[in-house]
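Structure at a glance
Take a look at the letters that make up each chain.
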Amino acid sequence: MSTVIPVIVFELQLYANPYPVLVSLVYLQLPASGEGMDVVLRYADKSVLTPYVYPDTWPEDDPIRQVISLLLVTNIGGYLLYLSTATISYLFIFDKRLMDHQQFLENQVKLEILYTLKSVPLMSLPTVLLFFLEVRGHSKLYDDVGTSKLSWLFVLTSVATFILFTDMCIYWIHRFLHHRSIYKYIHKDHHRWKVPTPYASHAFHPLDGFLQSCPYHIYVFLFPLHKYTYLALFVFVNIWTVSIHDGDYRVPQILKPVVNGSAHHTDHHLFYSYNYGQFFTLWDRIGGSFRNPSAFEGKGLLEEMLKAQASKGPQTNGHASNGIVKNGKME
Ligand SMILES: [Zn+2]
Ligand SMILES: [Zn+2]
């Protein structure tokens, strides 16, 4: 317990930034355009959609055309981002010895990928509505950073605020999804993967995936954010989501009490009611759901498996077959 309070104080200091003052000082000077996905949409229009797909007579700012284009861009972009990031992580970071763990499902990688590929189109439907509102100028995204040092300081501060705001919201949404009256309908699917691979990172029920991504969208309707910073943050959060499923538990010693990494999230997949967080451990500490990761105590999945193998000889792996592996009271 003695380390808990200093960690909470440290993380609360991160939250208590001078953001409100900066907002009032800088926001008034910013030429707000309210668009974000328009950068991507304009590029898609210019390079592919206008010359090769749509008739010349269909204006680029027609709302129906924008919705169709956003659906295409979101689905293709979502697939590319997921498959490329997860594949790089799977090939170069994920410890494949974990695939010999007893709770690793038969054909799990294939199941994770197929599940995600089926979910993304449905997940994209409500997401595109929010992107559409952005493109039509209803968000607080802005174009021009300006030239003053304060404006650049504001961009840096807004990166921190974006991470802290979304971290808080995702914690509570994730916790809500674990409520016993909801869990089995929406979130249980993501917990099929007791020993996740990077491909499990986006393998969510469509509603689950959308709800957990909502804070990223809501932020830009509440707070000003530079649009290229927003796009970069979008890529970052996708990479982060893959990284907490990559089975690489290494974190710099100084960040271990603060950052919610793969070790924490692996315990979440195994033990359910702990470590709901996304980026930091703060809300788990406040909400009483923090659990020091088993991997940090030498009792991680790999150690457990290697110990079992050493005492019994190499396992042939009786892969779990239906994903509802009973482990104590877990299901
Ligand atoms: Zn997960
Ligand atoms: Zn969960």
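No experiment lies behind these values; they were computed from the predicted model shown.

If you tally the helices and strands in the chain, you get 12 helices and 2 strands. Listing each helix as α and each strand as β along the chain from the N terminus yields α-α-α-α-α-β-α-α-α-β-α-α-α-α. For the chain, the residues scored as buried account for 36% of the 331 residues in total. Taking the contacts inside the chain whose residues are at least 6 apart along the sequence as the reference set, 76% of them involve residues at least 24 apart.

Within the largest apolar cluster, 17 residues are counted, with the highest numbers of intra-cluster contacts made by Ala-86, Tyr-90, Trp-193, Val-195, Tyr-199, Ala-200 and Ala-203. At the level of elements, helix H4 (63-92), helix H5 (108-135) and helix H12 (301-312) are the ones that each hand at least two residues to this core. Top element by residues in this core is H4. It accounts for 3 residues. Contact partners of Ala-203, with chain neighbours within four places excluded, come to Glu-112, Tyr-115, Thr-116, His-190 and Trp-193. Among the nonpolar cores identified, the runner-up in size contains 9 residues, and Tyr-142, Tyr-216, Val-220 and Tyr-230 belong to it.

In the UniProt entry, the feature "transmembrane region" (unreviewed entry) is given for residues 67-93, 113-132 and 152-173. Across residues 67-93 one finds 96% helix and 0% strand; the C-alpha atoms that close the span lie 37 Å apart. Annotated as 100% helix and 0% strand, the span residues 152-173 places its first and last C-alpha atoms 32 Å apart.

The backbone of Asn-107 sits at a positive phi, close to 55°, despite the residue not being glycine. Along the chain, the position of Asn-107 falls in the loop between H4 and H5. With 10 C-beta atoms counted inside 10 Å, the residue Asn-107 sits in the exposed group. If you check the backbone angles, Tyr-272 has positive phi at about 65° while not being a glycine. If you trace the backbone, Tyr-272 turns up in the loop between helix H10 (262-271) and helix H11 (282-286).

Thresholds, definitions, all that
Residues numbered from 1 in each chain as written. Chains lettered and ligands numbered in written order. Predicted model: local features only at pLDDT ≥ 70, side-chain atom pairs only at ≥ 80, totals over all residues. Helix = DSSP H or I, 4+ residues; strand = E, 2+ residues; numbered from the N terminus. Buried ≥ 20, exposed ≤ 12 C-beta atoms within 10 Å, placed from the backbone. Contact = placed C-beta atoms within 7 Å. Core = buried A, V, L, I, M, F, W, Y, C linked by C-beta atoms within 7 Å. UniProt positions renumbered as here; feature names shortened; annotations may be inferred.

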